[in-house]
Amino acid sequence: VIFMAPTRPLLSQQMLAWQQIAHLPRHHTAELTGMVSPSVRKRFWHNTEPNSPRVFFTTPHILSNDIADGRCPAERARL
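Residues numbered from 1 in each chain as written. Predicted model: local features only at pLDDT ≥ 70, side-chain atom pairs only at ≥ 80, totals over all residues. Heavy atoms only, no water.

Peer 1: Would you mind going over the pattern of salt bridges with me for this structure?
Peer 2: Enumeration over the complete set of coordinates arrives at 3 salt bridges. For Arg41, the salt bridge is made with Asp66, and the minimal N-O distance between the two is 2.8 Å. Separated by 25 residues along the polypeptide, Arg41 in helix 2 (residues 38-46) and Asp66 in helix 3 (residues 60-68) bring together distant segments of the chain. The two residues Arg41 and Asp66 agree in class, both being buried. The residue Arg71 makes a salt bridge to Asp66 at a minimum N-O spacing of 2.7 Å. Accessibility classification places Arg71 together with Asp66 in one group, the buried group. Salt bridges linked by common partners bring Arg41, Asp66, Asp69 and Arg71 together as one network. (Salt bridge = Lys/Arg side-chain N within 4 Å of Asp/Glu carboxyl O. Helix = DSSP H or I, 4+ residues; strand = E, 2+ residues; numbered from the N terminus. Buried < 20%, exposed > 50% of the residue type's maximum accessible area, 1.4 Å probe, protein only.)

As structure tokens, then:
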């Protein structure tokens, strides 16, 4: 699941709210912004281990760049 917001502060608010509302464990979520290096974001997008993040919070800009640069597999991102 990918949630997007136009700015990092809004993204952080969304992530915190969803963790509280949906009782999501922190290790099931990942905040992927420009503050996270491209190599780390790639590991998050490609990780399929059972306890890896399944809910991603990112900006449209980061998602677009990560798909274009091959860090996020486009076939896994559904709109």
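Resuming the write-up.
Peer 1: Could you clarify how one ought to interpret the side chain of Asp66 in this entry?
Peer 2: According to the relative accessible area criterion, Asp66 is buried, its value standing at 0%. Setting aside anything within four residues of it in sequence, one finds Asp66 in contact with Arg41, Trp45, Arg71 and Cys72. (Contact = heavy atoms within 4.5 Å.)

Geometric values such as these leave the question of function open.
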